[in-house]
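Architecture and fold: a report
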Amino acid sequence: MGNLLQGCFLYRWALAIFAWFSRVADGSRVRRGISVCWESSKLAAFLHRCLSSGTVQIDESRTRRLLAGCNERLSGKSTSWVEFSVLYRIYRAVFTCGRGSRIFGWLFSGGMTAVLLFAIGLYVLIDYVLRDVMAIPVVSSVWDEALLLLCIVWLIWERKKAPSAISPKLNPLDFPVAIFLTVCFVLLCVVCPYLSIQIAGFRATCQYLLWFYLVTRLIRNDRDCMTLYLTLVALSFVLSLHGIYQYITKAPMPASWVAQAETAVRTRVYSIFGSPNIMGDFMVLFVPMTAALAYYAEKPSQKVVAWLATFCMCFACLFTMSRGAWVAMAVAIVLFILLVDRRLFLLLAAGLALLVLIPFVRTRIGFLFTQDFIDANTNGGRWALGLELLEANGIWTGVGHGMFGGAVAMQNQVLDYVQYFYLDNYYLKTLVETGYLGLAGFLIMLLGMIAASCRSICRTGKQWKAKQNRNYPLVCGMFCGLLGVLVHCFFENIFEEPYMMVYFWAIAAMIVYFGFLRKPQEVST
């Protein structure tokens, strides 16, 4: 992308102005004074200690010693009874053929771990094929649990066949996630008016968090991590092209998706998701990750491909007409620019100037300030009713898992005195169902994720400056995508979709790998 812009006169002119302002700022006494005050402040010293702190407490914890003991007991055990089985022979035959394949040889050469990570990366596509294309209820309802169990079995098998004990992959985010899981389980036992509904709600909230633990244990090296990373980016790029195709061909959509006053909106794209809001959030998650590849790659051709894919995803998000996704995308992009390359502010400013000229953008944003939008918008009333229901059932424990505001509640409308609807705010939905205790556990988990991500950014940033590896932009891109999703959760129940939660925590696992679990001697490829 940089090579393409070098020949543009407007780009060079804007860059010269930006450089002039930068030189003026560099020579400013005010800037130097602020910089000196900040560097000598106690807050800066405190943040530096927190972000640069090691993992001594984790390494010396009882939990780590317990897990190390379990791995020690599993390792070196006889596995002949498995290796002589018919199933294991079939497995070896399949992988022998796969390694010799010209198309999938790269995948099978990484072993079963690479195949499992590849399947996790294609989670939404597999789910779509099984549920909507093949439509086999027995398979579509259990395949994700089967994949999860297969990952667990494979991790146990790896530890059994290892000649020496595998080191436990304990990390700073394990404990915050465990806190939320524990709180949710306790609330399940305490608030249980309808057991089957509570179990379904608990499963929807907690089951997919287990993917964080599995992915952190599955990833062995940079190759495994990049297999998952590139699979996610490639899938999002293909789906963005599908979304652009839907916009060009004016894909049909329900009339309720737009107001009558929004005449400039010809269609809203949704790809295989069935919802433009989820489609937009999917692009929010992966646009920063794709842009990060442009800084990670060394070949100019790879950089150009990464930027083209990034722009395609941005257009796909734009064509969803999802205002919540637009806000989340803006947050993710601005944060990425601040962390990775502030020169992109010029490109962002030019893009925003062009967006104002697009009729459907003006229509969608302008509709927010009309009386028709105020009359049609029911979120305020819905949120108020949700809070009233919370107060009536106990503000600390909530109404129970799966009882209000989400998909499980909409499928099980058992309370006659309650008007059921989607709250369109995942934080409020968590508050109503699990009370202040559940929301506190949820926020502790998210703050733990943000803290672990900031520490990973700090660690990889030092390695980036020392030219030890090129992982810093990847970590920044993943973190920006996650933060964009958290912003969008204020407007939609994003985590109601299982694949969004799987992808969210799988990406969090990759951030933790680069920051805490990656071996220093490994070289990025």
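Residues numbered from 1 in each chain as written. Predicted model: local features only at pLDDT ≥ 70, side-chain atom pairs only at ≥ 80, totals over all residues. Heavy atoms only, no water.

1. So, the overall build of the protein
Rule in force here: Here a strand is any run of E in DSSP of at least two residues, a helix any run of H or I of at least four, and the numbering for each starts at the N terminus. To sort residues, take the accessible area from a 1.4 Å probe on protein chains only and compare it with the maximum for the residue type: under 20% means buried, over 50% means exposed, and anything in between is partly exposed. We call two residues in contact whenever any of their non-hydrogen atoms come within 4.5 Å of each other. Exposure was quantified through the Shrake-Rupley algorithm and a 1.4 Å probe, taking into account, for residues, occlusion by the shown protein chains and nothing else.
Regarding its fold elements, the protein presents 27 helices and zero strands. Per-residue burial over the protein gives 48% buried out of 525 residues. Partitioning the intrachain contacts of the protein with sequence separation of at least 6 by distance along the chain shows that 76% fall at a separation of at least 24. Counting every atom, the protein has about 26200 Å² of accessible surface; 67% of that belongs to carbon and sulfur.

2. Overview of the packing of helix α10 (residues 111-121) against helix α12 (residues 137-161)
Going by this rule: Only C-alpha atoms enter the line fits that serve as axes; for helices the fit covers just the stretch in contact. Angles between N-to-C directions range over 0 to 180 degrees. Orientation is classified from the angle alone, with under 35 degrees giving roughly parallel, over 145 giving roughly antiparallel, 65 to 115 giving roughly perpendicular, and any other angle giving oblique. Take the far helix as your reference; a near helix turned counterclockwise from it by less than a right angle gives a left-handed crossing, and one turned clockwise gives a right-handed crossing.
At a minimum axis distance of 11 Å, the contact between α10 and α12 shows a crossing angle of 155°. In terms of their interaxial angle, α10 and α12 are classed as roughly antiparallel. Between α10 and α12 the crossing geometry is left-handed. For the pair formed by α10 and α12, the contact residues are M112, T113, L116, A119 and I120 on the first element and L147, L150, C151, W154 and E158 on the second.

3. Things to note about the nonpolar core
Basically, it comes down to this: The set of buried Ala, Val, Leu, Ile, Met, Phe, Trp, Tyr and Cys residues whose side-chain atoms join them within 4.5 Å is what this entry labels a nonpolar core.
The biggest cluster of nonpolar side chains holds 128 residues, and the ones touching the most others in it are W211, Y229, F282, Y503, W505 and M510. Element by element, the count of residues in this core is highest for helix α27 (residues 498-517), at 18 residues. Not counting residues within four places of it along the chain, the set of residues in contact with Y503 comprises I120, G121, L122, Y123, V124, L232, L235, F282, L285 and F286. Listed in part, the 17 residues of the second largest apolar core include M403, V408, L415 and Y420.

4. Points about a nonpolar patch on the surface
Condition: For patch building, the residue pool is restricted to those with more than 30% relative accessible area and no salt bridge; the joining distance is 9 Å between like charges and 5 Å between nonpolar side chains (Val, Leu, Ile, Met, Phe, Trp, Tyr). In what follows, salt bridge is the name for a side-chain nitrogen of Lys or Arg lying within 4 Å of a carboxyl oxygen of Asp or Glu.
Side chains of L125, V129, V133, M134, I136, V138 and V139 sit close together on the surface and give an oily, nonpolar patch of about 550 Å² of accessible area. Looking at the nonpolar patch, the elements that each hand over two or more residues are α11 (123-133) and α12. In terms of residue count, the dominant contributor to the nonpolar patch is α11 (three residues). Residue L125 is classed as partly exposed on the basis of its relative accessible area of 32%.

5. What about the pattern of salt bridges?
For the coordinates displayed, the defined rule picks out 10 salt bridges. With its nearest N and O atoms 2.5 Å apart, the salt bridge here joins R131 to D127. Taken together, the positions of R131 and D127, both in helix α11 and four residues apart, correspond to about one turn of that helix. By relative accessible area, R131 is classed as partly exposed at 36%.

6. Side note on the packing of helix α25 (residues 426-465) against α27
Counted only if it meets this: Under this grouping Gly is polar, as are all residues other than the nonpolar Ala, Val, Leu, Ile, Met, Phe, Trp, Tyr, Cys and Pro and the charged Asp, Glu, Lys and Arg.
Two elements in contact, α25 and α27, have axes separated by 8 Å at closest approach and are oriented at 30°. In terms of orientation, α25 and α27 fall into the roughly parallel class. For the pair α25 and α27, the sense of crossing is left-handed. The residues of α27 that touch α25, namely those facing Y426, M445, L446, M449, A452, S453, R455, S456, R459 and T460, are M501, F504, W505, A508, I511, V512, F514, G515 and F516. Of the residues that constitute the contact of α25 with α27, the class distribution is 13 nonpolar, four polar and two charged.

7. Looking at the environment of L230
Tracing the backbone shows L230 in helix α16 (residues 222-248). Distance from L230 to G121, taken between C-alpha atoms, is 8.5 Å for residues 109 residues apart in sequence.

8. Let's talk about helix α17 (residues 276-296)
Our working definition: The span you would expect from a helix comes to 1.5 Å times its residue count less one. Two axes enter the definition of the bend at a residue: one is fitted to the seven residues ending there, the other to the seven starting there, and the bend is the angle between them.
For α17, spanning 21 residues, the distance from its first C-alpha to its last is 30 Å, which sits close to the expected 30 Å at 1.5 Å a residue. Along α17, the helix axis deviates most sharply at F286, where the bend reaches about 30°; the proline P288 sits within four residues downstream. Of all 21 residues in α17, 21 are buried; the element is thus mostly enclosed.

9. Considering the packing of aromatic side chains
Put simply, the rule reads: Stacked, tilted and edge-to-face pairs are distinguished by plane angle, under 30 degrees for stacked and over 60 for edge-to-face with tilted covering the rest, among Phe, Tyr and Trp rings (Trp via its six-membered ring) whose centres lie within 6.5 Å. By definition here, charges over rings are those cases where NZ of Lys or CZ of Arg is within 6 Å of the ring centre and within 35 degrees of the ring normal.
For the coordinates displayed, the defined rule picks out 31 aromatic pairs. With a centroid separation of 6.1 Å and 40° between ring planes, the pair formed by W464 and Y472 is classed as tilted. Overall, the relative accessible area of 33% leaves W464 in the partly exposed class. With relative accessibility at 14%, the residue Y472 sits in the buried group. By way of ring pairs, the aromatic residues F180, F212, Y213, Y426, Y427, F442, F490, F495, F504 and W505 are connected into one cluster. It is R470 that lies over the ring of Y296; its NZ or CZ is 4.7 Å from the centre.

10. Focus on unusual backbone geometry
In the Ramachandran plot, S271 falls in the positive-phi region, its phi being about 50° despite a non-glycine side chain. One non-glycine residue, D424, lies in positive phi territory at about 55°. With respect to the element layout, D424 can be found in the loop between α24 (407-411) and α25.

11. Looking at the environment of C184
By secondary structure assignment, the location of C184 is in helix α13 (residues 174-190). Spatially, the C-alpha atoms of C184 and L439 are 9.8 Å apart, while their sequence positions differ by 255 residues.

12. Quick word on the state of the cysteines
Convention followed: Working definition: a disulfide is two cysteine sulfur atoms within 2.5 Å of each other.
Enumeration over the complete set of coordinates arrives at zero disulfides. Looking at the unpaired C192, the closest cysteine sulfur is the one in C189, lying at 7.8 Å.

13. Quick notes on the side chain of K169
Applied cut-off: For the purpose of counting charges, residues Lys and Arg are taken to be positive, whereas Asp and Glu are taken to be negative. His and the chain ends are not included.
Following the sequence through the fold, K169 ends up in the loop between α12 and α13. One buried charged residue, K169, forms no salt bridge at all, with the nearest opposite charge on D224 at 6.9 Å. Once residues within four sequence positions are removed from consideration, K169 is found in contact with D174, T216, R217, I219, R220 and L517.

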